Amino acid sequence: EDRAARRARKRAVEVQVDFAATGGTLSTMEGPVTYSAGDALLTGTEGERWPVARDTFDLNYAPVAPTRPGKPGRYRKRPLIVWAKLMTEAFDVTLDRDRRSLRGEPGDWLVQYAPADFSVVSARIFAQTYELLD
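These numbers come from a predicted model, not from an experiment.

Draft legend 1. Seen up close, the overall build of the chain. Within the chain, the secondary structure is distributed over two helices and 14 strands. A compact globule built from 134 residues should have a C-alpha radius of gyration of about 14 Å, and the chain, at 14 Å, falls within 12% of that. If you line up the chain on its principal axes, its C-alpha atoms span 40 × 30 × 25 Å. For the chain, with 134 residues in total, the buried portion stands at 41%. Considering only residue pairs separated by 6 or more positions, the chain has 46% of its internal contacts joining residues 24 or more positions apart. Of the roughly 7500 Å² of accessible surface on the chain, 51% is carried by carbon and sulfur atoms. Taken as two groups, the 20 positive and 19 negative side-chain charges of the chain have centres that lie 6 Å from each other.

Right, dumping it as structure tokens:
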């Protein structure tokens, strides 16, 4: 509902994916994020890493041949329209499922995938992996 937010689409960028054997905490560029056994651990275009809950991952990512579904390898995000806002001040965002919070810096983008599903994306990575629609 923020008038400064803009619609954006995730580009079809491939990421490397492993699946967690046990729960733990992953150090992301924006802070530590907890994950559960079976969750996807992704590595992006700049070597950045982040976890995605398994049910969310299965809905939003498709394997790239020869990777088989549910196996480690290359995956691509399915097309998804999101809301994105360029932030002008430092900010914190609480993650869903009690996975902690992320810290954003001025110039980062706050991205909303679903009503309670947010992420922080650096300006450089946003430019590589998203396209603004309006």
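Draft legend 2. Region of the structure containing the packing of aromatic side chains. Applying the stated rule across the entire model yields six aromatic pairs. Considering the side-chain rings of Phe57 and Tyr61, the 4.9 Å spacing of their centres and the 10 degrees angle between planes classify their relative orientation as stacked. Residue Tyr61 is classed as buried on the basis of its relative accessible area of 6%. Taking 4.1 Å as the distance between ring centres and 10 degrees as the angle between the ring planes, the aromatic pair formed by Trp109 and Phe126 counts as stacked. In this pair, Trp109 is assigned in strand S12 (residues 109-114) and Phe126 in helix H2 (residues 123-129), connecting sequence segments 17 residues apart. Neither Trp109 nor Phe126 differs from the other in exposure class; each is buried. Chaining the aromatic ring pairs together yields one cluster made of Phe19, Phe57, Tyr61 and Tyr75.

Draft legend 3. Inspection of the sheet that holds strand S2 (residues 14-19) at higher detail. The five strands lie next to each other as S6-S5-S2-S8-S7, forming an open sheet whose pairing is antiparallel. The sheet is open, and its two borders are formed by strand S6 (49-52) and strand S7 (61-63), each paired with just one other strand. With strand direction ignored, the average angle separating the axes of adjacent strands in the sheet is 40 degrees.

Draft legend 4. Geometry of the pattern of salt bridges. Enumeration according to the criterion identifies eight salt bridges in this entry. Note that Arg76 and Glu14 form a salt bridge whose closest N and O atoms lie 2.8 Å from each other. You can see Arg76 sitting in strand S8 (residues 73-77) and its partner Glu14 sitting in strand S2, a full 62 residues away along the chain. Look at Arg76 and you get partly exposed, because its relative accessible area is 32%. The partly exposed category is assigned to Glu14, whose relative accessible area is 28%. Among the ionic pairs, Asp92 bridges to Arg103, the shortest N-O distance being 3.2 Å. On the criterion of sequence distance, the pair formed by Asp92 in strand S10 (residues 91-94) and Arg103 in strand S11 (residues 101-104) is long-range, its members being eleven residues apart. Overall, Arg103 belongs to the partly exposed group, its relative accessible area being 41%.

Draft legend 5. Geometry of the side chain of Ser119. In this structure, Ser119 sits in strand S13 (residues 117-121). Under the relative-accessibility criterion, Ser119 is labelled buried at 18%. Ser119 has contacts with Leu102, Trp109, Leu110, Val111 and Tyr113, leaving out every residue within four places of it along the chain.

What counts and how
- Residues numbered from 1 in each chain as written.
- Predicted model: local features only at pLDDT ≥ 70, side-chain atom pairs only at ≥ 80, totals over all residues.
- Heavy atoms only, no water.
- Helix = DSSP H or I, 4+ residues; strand = E, 2+ residues; numbered from the N terminus.
- Rg over C-alpha atoms; globule rule 2.2 N^0.38 Å.
- Buried < 20%, exposed > 50% of the residue type's maximum accessible area, 1.4 Å probe, protein only.
- Contact = heavy atoms within 4.5 Å.
- Areas by Shrake-Rupley, 256 points an atom, 1.4 Å probe, with all protein chains shown as cover.
- Lys, Arg positive; Asp, Glu negative; His and termini not counted.
- Charge placed at Lys NZ, Arg CZ, Asp CG, Glu CD.
- Phe/Tyr/Trp six-rings, centres within 6.5 Å; stacked < 30°, edge-to-face > 60°.
- Pairing = 2+ DSSP bridges.
- Axes fitted to C-alpha atoms, helices over the stretch in contact; angles between N-to-C directions.
- Salt bridge = Lys/Arg side-chain N within 4 Å of Asp/Glu carboxyl O.

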